[in-house]
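# Structural description and commentary
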Amino acid sequence: LEVAEVATPESMRSLETRDRIRRNFDRAAVEYAQFEARRVFFRDLLAELLSGERELQGARVLDVGCGTGASTEFLLETVGTGGSVLGLDASLGMLREARRRLHGRATFIQMDGCRFSKGLRGAFGAVVYNAVLFMLPDAPGSLACARDVLKSRGAVYISWLEGAFVGPEREPLPQIVRRKGFSPGRHALSPWPGILQVLEELFEGIRVRQFPVRLAPEDFSLFYGMEPMSAGLLPALAYPDRRRIVEEFAKEWCAEGKFVEQVWYLASARKPEQ
Ligand SMILES: C[S@@+](CC[C@H](N)C(=O)[O-])C[C@H]1O[C@@H](n2cnc3c(N)ncnc32)[C@H](O)[C@@H]1O
């Protein structure tokens, strides 16, 4: 992975964050692939994001944060034989699973999702971020790269997690984490406030809608029990402890008959005509 060209305290912090997240995904790659095989979670999310989109057929698409290839596989089916997909991810562990899953049907590359425009300007008809953008240390920088690599009138598609709520009273998950004596993290919990503002600065024709996803306690445990997801929830704790606490939450909500509702946002926008 590239390092910052000019090392400032801010750029170093952002690289440290990226590398911490990358290592979490490296270690979780096999479990993530197993979770997706059982639950078909991320594929369904992308299917919802792209529902009704006709013009991706035959397109060249960039899948930013392609992970174990769940999004890439759906994109390959969507673009069809005339199109192609390039999957980009920071985590070699995740890319290894993606290559295993797709056997040469797509091209994969290890790259930072915040800085990827070099050599790719104007190369894509669409850029997709499925469950990725809100965990990037420099999301505005990433969206600026997306704009650069798009052709004129090319489209960007983004799904991001805006929050999670528990039970019929819809108590916010971070509030529960705090009430139980832990400090909640940012990823996947509190909204990253800038996405819409940055989209408005760089793109046009923005469309956004909410997509609620209901998780039974068992699914909550599988999802947030994974190393990177649990780091978003309980960042101050070491991993085995994070997983144990997630399992305790799930057990409690199972006994109380409570569900968790994640609120995802689905957005699309277009690069202005040049
Ligand atoms: C929740 S997964 C989503 C994967 C995939 N899009 C899917 O639909 O299954 C997030 C992915 O973003 C990747 N990621 C996180 N930070 C990144 C960064 N700075 N650059 C590139 N990829 C990153 C992780 O390695 C992980 O594979």
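Reading guide: rules and limits
Residues numbered from 1 in each chain as written. Predicted model: local features only at pLDDT ≥ 70, side-chain atom pairs only at ≥ 80, totals over all residues. Heavy atoms only, no water. Helix = DSSP H or I, 4+ residues; strand = E, 2+ residues; numbered from the N terminus. Rg over C-alpha atoms; globule rule 2.2 N^0.38 Å. Buried < 20%, exposed > 50% of the residue type's maximum accessible area, 1.4 Å probe, protein only. Contact = heavy atoms within 4.5 Å. Areas by Shrake-Rupley, 256 points an atom, 1.4 Å probe, with all protein chains shown as cover. Lys, Arg positive; Asp, Glu negative; His and termini not counted. Charge placed at Lys NZ, Arg CZ, Asp CG, Glu CD. Core = buried A, V, L, I, M, F, W, Y, C linked by side-chain atoms within 4.5 Å. Phe/Tyr/Trp six-rings, centres within 6.5 Å; stacked < 30°, edge-to-face > 60°. Lys NZ or Arg CZ within 6 Å of the ring centre and 35° of its normal. Pairing = 2+ DSSP bridges. Right-handed = clockwise from strand over helix to strand, strands pointing away. Near = heavy atom within 4 Å. Polar contact = N/O pair within 3.5 Å; in protein donor to acceptor, adjacent residues only side chain to side chain. 1 Å grid on protein atoms, 1.4 Å probe; cavity = no way out; pocket = protein on both sides within 12 Å on 5 of 7 lines; lining within 4 Å. Sits in = over half its atoms within 2 Å of the grid points. Salt bridge = Lys/Arg side-chain N within 4 Å of Asp/Glu carboxyl O.

Turning next to the overall build of the protein chain. When helices and strands are tallied, the protein chain shows 10 helices and 8 strands. Whereas a compact globule of 274 residues would reach a radius of gyration of roughly 19 Å, the protein chain reaches 18 Å, a difference of no more than 12%. On the principal axes, the C-alpha backbone points of the protein chain span a range of 55 × 45 × 35 Å. Within the protein chain, the fraction of its 274 residues that count as buried is 55%. A sequence separation of at least 24 residues applies to 76% of the contacts in the protein chain between residues at least 6 apart. Carbon and sulfur atoms make up 50% of the accessible area of the protein chain, which totals about 12,600 Å². Placing the 37 positive and 36 negative side-chain charges of the protein chain at their respective mean positions leaves the two points 2 Å apart.

The next point concerns the nonpolar core. Residues Phe 42, Phe 116, Tyr 129, Phe 220 and Tyr 224 are the most contacted members of the largest nonpolar core, which totals 91 residues. For this core, the element with the most residues is strand β5 (residues 150-166), which contributes 9 residues. For Phe 116, the residues in contact, after removing those within four places along its chain, are Leu 62, Val 64, Leu 88, Met 111, Tyr 129, Ser 142, Cys 145, Ala 146 and Val 149.

With that settled, the discussion passes to the packing of aromatic side chains. In total, this model carries 15 aromatic pairs according to the counting rule given. Aromatic pair Phe 25 and Tyr 32: ring centres 6.4 Å apart, planes at 65°, arrangement edge-to-face. Tyr 32 matches Phe 25 in its accessibility class, with the two residues each being buried. Note that Arg 60 overlies the ring of Phe 124, its terminal NZ or CZ placed 4.8 Å from the centroid. When the ring centre of Phe 165 is taken as reference, the NZ or CZ atom of Arg 170 above it lies at 4.4 Å.

Okay, the pairing of strand β2 (residues 84-89) next. Counting buried positions along β2 gives 5 out of 6 residues, so the element sits mostly inside the fold. With 5 bridges connecting them, strand β1 (residues 60-64) and β2 associate as parallel partners. Directly across from Asp 63, in β2, lies its bridge partner Gly 87. The pairing of β2 with strand β3 (residues 107-110) spans 4 bridges and is parallel. In the strand pairing of β3, Leu 88 is matched with Ile 109. Following the backbone out of β2, through helix α4 (residues 92-102) and into the adjacent parallel β3, one traces a crossover that is right-handed.

On to the site of the ligand. Close to the ligand lie 22 residues, the nearest being Tyr 32, Gly 65, Asp 89, Gly 113 and Asn 130. In this structure, Gly 65 approaches the ligand through a main-chain N or O atom, which is 2.7 Å from a nitrogen atom. Note that an oxygen atom of the ligand is positioned 2.9 Å from one of the side-chain N or O atoms of Asn 130. Of all the cavities here, the one that holds the ligand is the largest pocket. The set of elements that each furnish at least two residues to the shell around the ligand consists of α1 (9-39) and α3 (70-79).

Before going further, it helps to examine unusual backbone geometry. Even without being a glycine, His 103 presents a positive backbone phi close to 40°. With respect to the helices and strands, His 103 occurs in the loop between α4 and β3. In the Ramachandran plot, Ala 131 falls in the positive-phi region, its phi being about 60° despite a non-glycine side chain. Mapping Ala 131 onto the fold places it in the loop between β4 (124-130) and α5 (139-149).

Per the counting criterion, the structure on display carries 26 salt bridges. Residue Arg 101 pairs with Glu 73 through a salt bridge whose shortest N-O separation is 2.8 Å. Taken as a pair, Arg 101 in helix α4 and Glu 73 in helix α3 lie far apart in primary sequence, 28 residues in all. Residue Glu 73 is classed as buried on the basis of its relative accessible area of 16%. In this structure, the salt-bridge partner of Arg 244 is Glu 248, at a minimum N-O distance of 3.3 Å. Of the two residues, Arg 244 and Glu 248 are both situated in helix α10 (residues 239-256); the distance of 4 residues between them amounts to about one turn of the helix. Owing to a relative accessible area of 41%, Arg 244 belongs among the partly exposed residues under this scheme. For Glu 248, a relative accessible area of 41% puts it in the partly exposed group. By sharing partners, the salt bridges in this structure join Arg 18, Asp 19, Arg 22, Asp 26 and Asp 112 into a single network.

Geometry only, nothing functional implied.
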